[in-house]
Amino acid sequence: MGTTADDFEFGRILGEGSYSTVMLAKHKTTQQEYAIKILDKGHLKRFEKLPTALAEKNTLVRLGAGHPGIVRLHWAFQDEWSLYFVLDLARNGELQTRISRMGSLSLACGRWYAAQIVDALGYMHSKGVIHRDLKPENLLLDDAYRIKITDFGTGKILDSGGERTKTFVGTAQYVSPELLEDSETSKSSDFWALGCIIYQMIAGRFAFQGLSEYLTWQKIKQLDYSFPEGFDEQAKDLVQKLLVRDPAQRLGAGPPGSGFDMQALRAHPFFGSINWATLWTDPVPPLE
Ligand SMILES: NC(=O)c1nn(CC2CCNCC2)c2c1CCc1cnc(N=C3C=CCC=C3)nc1-2
C-alpha cells in the first residue's frame, strides 16, 4: 500500500488557494515535516480544473528533485475526495513578508536572492518549464533562508518547440507587457517578473503600481517606472535590461529560437561578486 493521508499528522494551514489548501504535516514514522497541498476533487471537477491540477503535478514531476531553489514533490496520492501533493516545507515563509517587514533588503541580500532566482530559473527553463506567476509571495524561504520557488499551479510545460504557449495573466504588478497584449508567454515572461522582483527587493516598493489593476497594466504597457534616488547603479542596469517590452530583447532571452541564455544573466556585473558554485551552500548575507 502506497503513501496515504493516514501516514501524516496534519498541522496548521499554510495557505489556501481557490482549489487547494496547503497544510503543514508530519510523517508519522519518519517525523519529517512537509507541506501537503490538498486539492478537492469535487471542486476541481465542478470548475473543470482537474487538467490544471494534473498539469501542476506533471510540472512538479518534471522538475523532480533537481534543484535546491525549487520546491520538490516527494509523493502524490489520492483518496475518494482529494488529491495530495507532498512537497518540501519552506519553514520561513514568503520572501514578500521579509521585504514588507524590512522595507527593503540590503543590497547584498537582494543580490544573493536575485542570483538564487536566476539559478533556479535556469534549471526550470532547461526542463522546458515556465512559471508565469513569479512574485515574492511564491518565493519561499527554507530553514537556511534560501529561496524555494513554489506554486506551479500556473506553470506551463512548453511544447517541444519550447517557445510559446497560450495566454495566462499573472499577478498585476509582475505581469509582462506581452501577456497584456494578449500575445503569448514564453520563458522571457519570467525574466520580466525577475526584473520587477529585483527592483522591489532593493527599492522596497513595486516598479509598477497604479491606483487600480487597470492603471497598473497601463504603466506596464507604457513602461512607466522610475528608480528612487540612490538605487544601486549595477542593479539599475540589470533591471533596465529585464524590463524591456520586446521579450526577445530581455537579458537571458538569448538569440531568437535559442529559448534562453542564462549565462548572459549570470555574467551581468551586478552578480560580479556572486560565487555561483557555492550560492546554495554559503550562508545568505544578513538581511539588513
Ligand atoms: N500553492 C502552493 O503550491 C503552496 N502554497 N504554499 C503556502 C502559500 C502561502 C501564501 N504564499 C504562497 C505560499 C506552499 C505551497 C507549496 C509548498 C509550500 C512549502 N512551504 C510553505 N511554507 C510556508 C511557511 C510559512 C507561511 C507560508 C508558507 N508553503 C508552501
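Residues numbered from 1 in each chain as written. Predicted model: local features only at pLDDT ≥ 70, side-chain atom pairs only at ≥ 80, totals over all residues. Heavy atoms only, no water.

### A closer look at the overall build of the chain
Inclusion rule: The helix and strand labels rest on DSSP assignments: H or I over at least four residues marks a helix, E over at least two residues marks a strand, and numbering proceeds from the N terminus. Buried residues are those whose accessible area, probed at 1.4 Å on protein chains only, stays under 20% of the maximum for their type, while exposed residues exceed 50% and partly exposed ones sit between those limits. Between two residues, a contact is recorded if the distance between any of their heavy atoms is within 4.5 Å. We get accessible surface area from the Shrake-Rupley algorithm with a probe of 1.4 Å; when it comes to residues, only the shown protein chains can shield them. The positive count covers Lys and Arg only, the negative count covers Asp and Glu only, and His and the chain ends enter neither. Where a charge lies is defined by one atom per residue type, namely NZ (Lys), CZ (Arg), CG (Asp) and CD (Glu).
Looking only at helices and strands, the chain has 9 helices and 9 strands in total. Counting only C-alpha atoms, the chain reaches 55 × 40 × 40 Å along its principal axes. Expressed as a percentage of its 288 residues, the buried residues of the chain come to 49%. A separation threshold of at least 6 residues defines the contact pool for the chain, and within that pool the share at least 24 residues apart is 63%. For the chain, the accessible surface area stands at approximately 13200 Å², while carbon and sulfur atoms represent 50% of it. The distance from the centre of the 32 positive side-chain charges to the centre of the 35 negative ones in the chain is 1 Å.

### Structural notes on the pattern of salt bridges
The condition that has to hold: Salt bridge, as used here: a side-chain nitrogen of Lys or Arg that lies within 4 Å of a carboxyl oxygen of Asp or Glu.
Under the criterion given, the structure shown has 12 salt bridges. The residue D151 makes a salt bridge to K37 at a minimum N-O spacing of 3.6 Å. Highlighted residues: D151 in the loop between strand 8 (147–149) and strand 9 (156–157) and K37 in strand 3 (residues 33–40), separated in sequence by 114 residues. Taking relative accessible area as the criterion, K37 reaches 8% and is therefore assigned buried. A salt bridge links K241 to D237, with the nearest nitrogen and oxygen atoms 2.5 Å apart. Here the residue K241 and the residue D237 both occupy positions in helix 8 (residues 233–242), the gap between them amounting to 4 residues, near one helical turn.

### Details of the sheet that holds strand 5 (residues 82–87)
Definition in use: Two strands pair under a simple rule: DSSP has to find at least two bridges between them. Interaxial angle, 0 to 180 degrees, is taken between N-to-C directions of lines fitted to C-alpha atoms, where a helix line uses only the stretch in contact.
Taken in spatial order, the 5 strands make up an open sheet running 1-2-3-5-4, and their pairing is antiparallel. If you trace the sheet from one side to the other, it starts and ends with strand 1 (8–16) and strand 4 (73–78), each paired once. Averaged over neighbouring strand pairs, the angle between their axes works out to 25 degrees when direction is ignored. Bridge analysis of strand 1 against strand 2 (residues 20–27) gives 6 bridges, and the strand direction is antiparallel. The partner of E9 across the bridge, within strand 2, is K26. Each of strand 3, strand 4 and strand 5 touches helix 2 (residues 50–63); the most contacted strand, strand 5, lies at about 25 degrees to it.

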